[in-house]
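# Analysis of the macromolecular model
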Amino acid sequence: MPAAPGRPRAVSDPAASVASMRVIYNTATTLNGYIADEENSLAWLFAVESGSMPDHIAFLEPMTVLIMGSTTYEWVLREEDLLAHPEKWPEYFGDRPQFVFTTRDLPVPAGADVRFVQGPVADALPAIREAAGDGDAWVVGGGDLAGQLLDAGALDEVQLSVAPAALTGGAPVLPRRLGPDRLRLRSAERYDQFVHLVYDVRPAG
């Protein structure tokens, strides 16, 4: 998955550390803006041949909390068979707490720190910030959850790995109207067949 460089932090003031959490949405997308097809499949992504990708370990280093919606969570459980093989969970996520937004009771791999939340995203942000401590939060997916974080003024950065593929429908990468006054391109790098774009999200005027 895409990566972002870590940043030095001053952590002498615990309150300041919590307030410093940045929320980063990092995902792969087709060139016409879909992260999954109509059946929530990523087969289009796995079909892309690429010998190099951004450093996932470097990206994860400053991430102390993960955030995802129920569709993404269930896809990860199913794709990696994590309920049958919970030992694989730390290989992907370490011991980071995972906040999953859902209205349903969902299974949890043995030993995983999964915290189910529901209701408005803004209501969950204090708990997420507390869990993050002096680190950042990675929005693993999906696009609508990232949009809700944007609505709440909590989305700080968007990282997109754009693949040479197009879909006729599915899950949009960010189903919100967002003008160029809100996005600032920080970097663009090529990784074989992918282009990795990093945008800072500016506060609403």
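Here is a short report on the structure shown in this document. Bear in mind the structure is a predicted one, so any value in this text is a computation, not a measurement.

### Regarding the nonpolar core
Counting 30 residues, the largest nonpolar core has Trp44, Tyr73, Trp89 and Trp138 as the members making the most contacts within it. Those elements that provide at least two residues to this core are strand 1 (23-30), strand 2 (34-36), helix 2 (43-46), helix 3 (56-60), strand 3 (63-69), helix 4 (70-80), helix 5 (89-93) and strand 6 (136-141). Here this core gets four residues from one element, more than from any other, and that element is helix 4. Ala124, Val139, Val158 and Leu160 belong to the second-largest nonpolar core, a separate cluster that totals 27 residues.

### Section: the packing of aromatic side chains
Applying the stated criterion to the full structure yields five aromatic pairs. Arranged with centres 6.3 Å apart and planes meeting at 25°, the rings of phenylalanine 46 and tryptophan 75 form a pair that is stacked. Of the two residues, phenylalanine 46 sits in helix 2 while tryptophan 75 sits in helix 4, which places them 29 residues apart along the sequence. Its relative accessible area of 18% is what places tryptophan 75 among the buried residues. With a centroid separation of 5.8 Å and 80° between ring planes, the pair formed by tyrosine 73 and phenylalanine 116 is classed as edge-to-face. Remark: phenylalanine 116 occurs in strand 5 (residues 114-117) and tyrosine 73 occurs in helix 4; sequence separation between them is 43 residues. Overall, tyrosine 73 belongs to the buried group, its relative accessible area being 1%. Take phenylalanine 116: its relative accessible area is 34%, and that puts it in the partly exposed class. Ring pairs connect the aromatic residues Trp89, Tyr92 and Phe93, which therefore count as one cluster.

Here is what the cut-offs are and how they apply
Residues numbered from 1 in each chain as written. Predicted model: local features only at pLDDT ≥ 70, side-chain atom pairs only at ≥ 80, totals over all residues. Heavy atoms only, no water. Core = buried A, V, L, I, M, F, W, Y, C linked by side-chain atoms within 4.5 Å. Buried < 20%, exposed > 50% of the residue type's maximum accessible area, 1.4 Å probe, protein only. Helix = DSSP H or I, 4+ residues; strand = E, 2+ residues; numbered from the N terminus. Phe/Tyr/Trp six-rings, centres within 6.5 Å; stacked < 30°, edge-to-face > 60°.

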